[in-house]
Amino acid sequence: KEPLWVLVKTLFWGGLLSLFFAGVIYVITLLINHNIFAAEKGSIFAKFGFAMFVGITEETAKALAAIILTRKLADFDEPVDGIIYGMTVALGFAAFENIQYMMASSYRVIFARHFLSVPLHITCGAIWGYGLALNKYKFKRPSNLKNLFPYIAAAAFLHGIYDFLCFIQVSFPFAIVILIALTFISYRWAIVKIRKLVAISPFLAPGECSECRTINEEDATICKKCKKELPDREAFYSEENKES
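Each chain carries its own residue numbering, running from 1 in the written order of its sequence. Totals for whole chains, interfaces and linings use all residues, but because this is a predicted model, local features are given only for residues with pLDDT of at least 70 and pairs of side-chain atoms are given and counted only at 80 or more. Working from all heavy atoms in the structure, the side-chain values ignore hydrogens and water.

This part covers the overall build of the protein. From N to C terminus, the protein includes 8 helices and 0 strands. In sequence order, the protein lays out its α and β elements as α-α-α-α-α-α-α-α. Radius of gyration (C-alpha) of the protein: 20 Å, near the 18 Å computed for a compact globule of 244 residues. Exposure is judged per residue with a 1.4 Å probe applied to protein chains only, and the accessible area is read against the type maximum: over 50% gives exposed, under 20% gives buried, and values in between give partly exposed. Taking all 244 residues of the protein together, 45% fall into the buried category. Only heavy atoms matter for contacts: two residues are in contact if any of them lie within 4.5 Å across the pair. For the protein, the proportion of contacts with a sequence separation of at least 24, taken over those separated by at least 6, is 68%. A total of about 13,600 Å² of accessible surface is found on the protein, and carbon and sulfur atoms cover 67% of it. A helix here means a DSSP run of H or I that spans at least four residues, while a strand means a run of E at least two residues long, and both kinds are numbered starting from the N terminus. Only the C-alpha atoms count toward the radius of gyration. The rule for a globule is 2.2 Å times the residue count to the power 0.38. Note on areas: Shrake-Rupley, 1.4 Å probe, and residue coverage restricted to the protein chains presented here.

By nonpolar core is meant a set of buried Ala, Val, Leu, Ile, Met, Phe, Trp, Tyr and Cys residues that side-chain atoms within 4.5 Å join together. Counting residues in each nonpolar core, the largest one holds 50 residues, and the members touching the most others are Phe 50, Trp 128, Tyr 151 and Leu 197. Counting only elements with at least two residues in this core, the list comes to helix H1 (4–32), helix H2 (44–70), helix H3 (80–104), helix H5 (117–137), helix H6 (149–168) and helix H7 (175–199). Examining the composition of this core, we find that 10 residues originate from one element, H5, more than from any other. Not counting residues within four places of it along the chain, the set of residues in contact with Leu 197 comprises Pro 79, Val 80, Ile 83, Tyr 130, Ala 133 and Phe 236.

Let us now look at unusual backbone geometry. Despite not being glycine, Arg 213 has its phi angle at roughly 65 degrees, a positive value. Within the secondary structure, Arg 213 is located in the loop between H7 and helix H8 (233–237). Overall, Arg 213 belongs to the exposed group, its relative accessible area being 52%. The backbone of Lys 227 shows a phi angle near 65 degrees, a positive value even though the residue is not glycine. Position of Lys 227 relative to the elements: it lies in the loop between H7 and H8.

Let us look at the pattern of salt bridges. Between Lys or Arg on one side and Asp or Glu on the other, a salt bridge is scored when a side-chain nitrogen of the former is within 4 Å of a carboxyl oxygen of the latter. As enumerated under the stated definition, the model contains 2 salt bridges in all. Between Glu 59 and Lys 62 there is a salt bridge; the shortest N-O distance is 2.8 Å. Placement of both Glu 59 and Lys 62 in helix H2 is noted, with a separation of 3 residues, approximately one turn of the helix. Looking at Glu 59, the relative accessible area reads 0%, which means it is buried.

Pairs of cysteine sulfur atoms within 2.5 Å are identified as disulfides in what follows. A complete count under the given rule lists 0 disulfides for this structure. With no disulfide of its own, Cys 212 lies closest to Cys 223 among cysteine sulfurs, the gap being 3.5 Å.

Where H1 meets H2, the axes come as close as 8 Å, and the angle between the chain directions of the two elements is 135 degrees. Compared by their axis directions, H1 and H2 come out oblique. You can see that H1 and H2 cross each other, and the crossing is right-handed. Here Thr 10, Trp 13, Gly 14, Leu 17, Ser 18, Phe 21, Ala 22, Ile 25, Tyr 26 and Thr 29 of H1 lie close against H2, whose contacting residues are Phe 53, Val 54, Thr 57, Glu 58, Ala 61, Lys 62, Leu 64, Ala 65, Ile 68 and Leu 69. In the contact of H1 with H2, the residues fall into 13 nonpolar, 5 polar and 2 charged. Think of each axis as a best-fit line through the C-alpha atoms, taken over the contacting stretch in the case of a helix, with angles from 0 to 180 degrees between the N-to-C directions. Should an angle fall under 35 degrees it is taken as roughly parallel, and over 145 as roughly antiparallel, whereas 65 to 115 is taken as roughly perpendicular and any remaining angle as oblique. In this scheme the handedness of a crossing depends on how the near helix is turned from the far one: anticlockwise by less than a right angle means left-handed, clockwise means right-handed. Under the scheme applied, nonpolar residues are Ala, Val, Leu, Ile, Met, Phe, Trp, Tyr, Cys and Pro; charged residues are Asp, Glu, Lys and Arg; polar residues are all the others, including Gly.

When pLDDT is averaged across the protein, the result is 88; 96% of the residues are at 70 or more. Predicted confidence is poor over residues 240–244, with pLDDT under 50, and the contacts of this stretch with residues over four places away or in other chains come to 10 contacts. The pLDDT score gives, residue by residue, the confidence of the prediction method on a 0 to 100 scale.

With respect to the helices and strands, Thr 70 occurs in helix H2. On the accessibility criterion, Thr 70 (3% relative accessible area) is buried. Here Thr 70 is in contact with Phe 76, Tyr 85 and Leu 132, once residues within four sequence places are set aside.

Right, let's get into a negative patch on the surface. A surface patch of negative charge is lined by Glu 217, Glu 218, Asp 219, Asp 232 and Glu 234. Note on placement: Glu 217 falls in the loop between H7 and H8. Here the term patch refers to residues with relative accessible area over 30% and no salt bridge, with like charges joined within 9 Å and nonpolar side chains (Val, Leu, Ile, Met, Phe, Trp, Tyr) within 5 Å. Charge assignment: positive for Lys and Arg, negative for Asp and Glu; neither His nor the chain ends contribute. Charge positions are represented by NZ for Lys, CZ for Arg, CG for Asp and CD for Glu.

Classification of ring pairs uses Phe, Tyr and Trp, with its six-membered ring standing for Trp, and accepts pairs whose centres are within 6.5 Å; under 30 degrees between planes counts as stacked, over 60 as edge-to-face, and the remaining range as tilted. Taken as a whole and assessed by the stated rule, the structure comprises 12 aromatic pairs. For the ring pair Tyr 137 and Tyr 237, a centre distance of 6.5 Å and an interplane angle of 85 degrees mean the geometry is edge-to-face. Taken together, the residues Tyr 137 in helix H5 and Tyr 237 in helix H8 connect sequence positions 100 residues apart. The class for Tyr 237 is partly exposed, based on a relative accessible area of 23%. With centroids separated by 5.1 Å and ring planes inclined at 80 degrees, the aromatic side chains of Phe 236 and Tyr 237 adopt a geometry described as edge-to-face. Among the aromatic residues, those joined into a cluster by ring pairs are Phe 76, Tyr 85, Tyr 137, Phe 236 and Tyr 237. Each ring is checked for a lysine NZ or an arginine CZ that lies within 6 Å of its centre and within 35 degrees of its normal; such an atom marks a charge sitting over the ring. Lys 136 extends its terminal NZ or CZ atom over the ring of Phe 76, reaching a point 4.2 Å from the ring centre.

Spelled out as structure tokens, the structure:
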């Protein structure tokens, strides 16, 4: 388990840092094009473009904050921690963003965001958090934005689609249904990836099943108790994966 105090600090500072980075990008963009935020109320194409811009900005900001906070973090000591700390930073961002929405609007906005926006922020954090884990433990690369680009892009696209559906829900009655489905699917994806990374944890004994904790033969591929497939941990950590 991750130390609770480390998670709390990551949530707080990750939320503040990512909000700061996103704010800087928004201010710079606003200085370049002061009409950028008017796109939210423009044509459907303008709304889509603006939604993607928001997704790219916020996911890049969150990933950058996570990289800074975990680069020398001793508790980032197994692959699944990439997703754990990625989701924690994303939760911090969502929390501070909710405070902003509540101050600008009403506390009632929190209820809708609690069931949709917050889970989506967290699962987007899981996407590039998975990339953070692969970069450190499989590909043995330093964690930076360049190496995480494919994962940030995927999270940004998901985030952008979500925001776009929010922008058009008045004219598209099924938008809320798609939002719920999108959130649920992305959440299930995160669960699958978490289980995958837990299964190759270096803290498991050779042949140990991550699901039922049964100790199998070291070369076993199926758990003798729960019948779960046992991954080849050596292949995951192999130096051959450096250039994959």
